[in-house]
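# Descriptive structure summary
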Amino acid sequence: MDKDQLPRHVAIIMDGNGRWAKARGMSRTQGHLEGVKRVEEIIKSARDIGIKFLTIYAFSTENWSRPQDEVSMIMRTFIMVLGQKARELSEKGVRINFIGRRQGVPTEVLNAMDEAARVTMNKTTMVLNIAFNYGARAEIVDAIKTIASQVREGKIEVDGIDEKIISSHLYTKGQPDPDLLIRTSGEERISNFLLWQLSYAELYFTDKCWPEFNEEEFFKALASFAQRERRWGSVKV
Ligand code: IPE
Ligand code: IPE
Ligand code: MG
């Protein structure tokens, strides 16, 4: 693969764990556990190939509306996987950064997140953003509140509010916007993910469910990206 054609930042909506399991007569839990294996595989692959920022959608602000036992299974798995994998990722130079609202996340989960962030801090090979209790509208609401209070305190002028200021109040501040968005499972929607940051991302949808999305499938998405012609609203010269 030509390194020049590689996206700097890849965002992934990991969808279809439940349907993958159901189609095989398994429980949704088994689907999530198989999905975790693909998360590990894709993180390693992205890191090895030279992607600098990887953002994965693990749990949305809307996912709390799922059955209680599924939500608590996801929370327990998340705590366990962070505990088991943070050190290994750290050794591979991966910095884990969480994006999403902390408010509403159980304390044990927050503790596991803080520990994973601490263990991997200062690593520079790849940033792994894990979107957890994440919603793009919530992110924008929070940014607007902060900016509004800075205006009230006289720290910034209303006329001084520009795209840079808004970007710098999002969870992804300081990072380039995603170049490529991948969504698995055949659904072709954004589901409240990175609404601001995806403005000019190339979109890639695949019918594969997340537990089937292995390195080979990931390379197909990257190969598709390499063929795209990005124009940014301009014309080809
Ligand atoms: C994605 O798979 C994982 C999470 C949202 C946590 P789903 O659980 O949404 O699987 P489907 O979409 O029901 O098949
Ligand atoms: C998006 O998937 C959220 C995550 C992958 C964590 P969902 O399964 O929650 O999205 P919808 O409900 O199909 O839009
Ligand atoms: Mg889903």
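## Comments concerning the overall build of the protein chain
- When helices and strands are tallied, the protein chain shows seven helices and six strands.
- Taken from the N to the C terminus, the helices and strands of the protein chain come in the order β-α-α-β-α-β-α-β-α-α-β-β-α.
- Relative to a compact globule of 237 residues, whose C-alpha radius of gyration would be 18 Å, the protein chain shows 18 Å and is just as compact.
- A principal-axis box enclosing the C-alpha atoms of the protein chain has dimensions of 60 × 50 × 35 Å.
- Every one of the 237 residues in the protein chain was classed for burial, and the buried ones make up 46%.
- Long-range contacts, defined as pairs at least 24 residues apart, comprise 78% of the intrachain contacts of the protein chain with a sequence gap of at least 6.
- Surface exposure of the protein chain reaches about 12700 Å², of which carbon and sulfur atoms provide 49%.
- One way to put it: in the protein chain the 35 positive side-chain charges average out to a point 2 Å from where the 33 negative ones average out.

## Concerning the side chain of Gln-197
- Note that Gln-197 resides in the loop between strand E5 (180-183) and strand E6 (202-205).
- What makes Gln-197 buried here is its relative accessible area of 2%.
- Here the side chain of Gln-197 touches Thr-172 through a polar contact of 2.9 Å, side chain to side chain.
- Every residue in contact with Gln-197, bar those within four places of it in the chain, is listed here: Tyr-134, Glu-139, Leu-170, Thr-172, Asp-177 and Pro-178.

## Structural notes on the site of ligand 1
- By nearness alone, every residue bordering ligand 1 is listed as Met-14, Asp-15, Gly-16, Asn-17, Gly-18, Arg-19, Arg-28, His-32, Ala-58, Asn-63, Arg-66 and Ile-74.
- A distance of 2.8 Å is found between an oxygen atom of ligand 1 and a side-chain nitrogen or oxygen belonging to Asp-15.
- In this structure, Asn-17 approaches ligand 1 through a main-chain N or O atom, which is 3.1 Å from an oxygen atom.
- Starting from 380 Å² of accessible surface for ligand 1 in isolation, the protein chains cover 86%.
- In a pocket analysis with a 2 Å cut-off to the grid points, ligand 1 is assigned to the largest pocket.
- Contributing elements (two or more residues each) for the shell around ligand 1: helix H1 (17-23) and helix H2 (28-49).
- Ranked by residue count, the leading element in the shell around ligand 1 is H1, at three residues.
- Of the residues belonging to the shell around ligand 1, the class tally is three nonpolar, five polar and four charged.

## Considering the pairing of strand E1 (residues 9-13)
- The element E1 is largely enclosed, with a buried count of five among its five residues.
- Of the two faces of E1, both are covered, the one formed by His-9, Ala-11 and Ile-13 as well as the one formed by Val-10 and Ile-12.
- Across five bridges, E1 lies against strand E2 (residues 53-60) in parallel orientation. If you follow Ala-11 over to E2, its bridge partner there is Thr-55.

## Comments concerning unusual backbone geometry
- A positive phi is found at Asn-133, a non-glycine position, where the angle reads about 50 degrees.
- Look at Asn-133 and you get buried, because its relative accessible area is 4%.

## As for the packing of aromatic side chains
- Going through the model one piece at a time under the given rule, you end up with twelve aromatic pairs.
- Ring centres 4.9 Å apart and planes at 75 degrees place the aromatic pair Phe-59 and Trp-64 in the edge-to-face group.
- Feature note: the residues Phe-59, Trp-64, Phe-78, Phe-98 and Phe-132 constitute an aromatic cluster, connected by ring pairs.

Scoring rules and cut-offs
- Residues numbered from 1 in each chain as written.
- Chains lettered and ligands numbered in written order.
- Predicted model: local features only at pLDDT ≥ 70, side-chain atom pairs only at ≥ 80, totals over all residues.
- Heavy atoms only, no water.
- Helix = DSSP H or I, 4+ residues; strand = E, 2+ residues; numbered from the N terminus.
- Rg over C-alpha atoms; globule rule 2.2 N^0.38 Å.
- Buried < 20%, exposed > 50% of the residue type's maximum accessible area, 1.4 Å probe, protein only.
- Contact = heavy atoms within 4.5 Å.
- Areas by Shrake-Rupley, 256 points an atom, 1.4 Å probe, with all protein chains shown as cover.
- Lys, Arg positive; Asp, Glu negative; His and termini not counted.
- Charge placed at Lys NZ, Arg CZ, Asp CG, Glu CD.
- Polar contact = N/O pair within 3.5 Å; in protein donor to acceptor, adjacent residues only side chain to side chain.
- Near = heavy atom within 4 Å.
- 1 Å grid on protein atoms, 1.4 Å probe; cavity = no way out; pocket = protein on both sides within 12 Å on 5 of 7 lines; lining within 4 Å.
- Sits in = over half its atoms within 2 Å of the grid points.
- Nonpolar A, V, L, I, M, F, W, Y, C, P; charged D, E, K, R; others polar.
- Pairing = 2+ DSSP bridges.
- Phe/Tyr/Trp six-rings, centres within 6.5 Å; stacked < 30°, edge-to-face > 60°.

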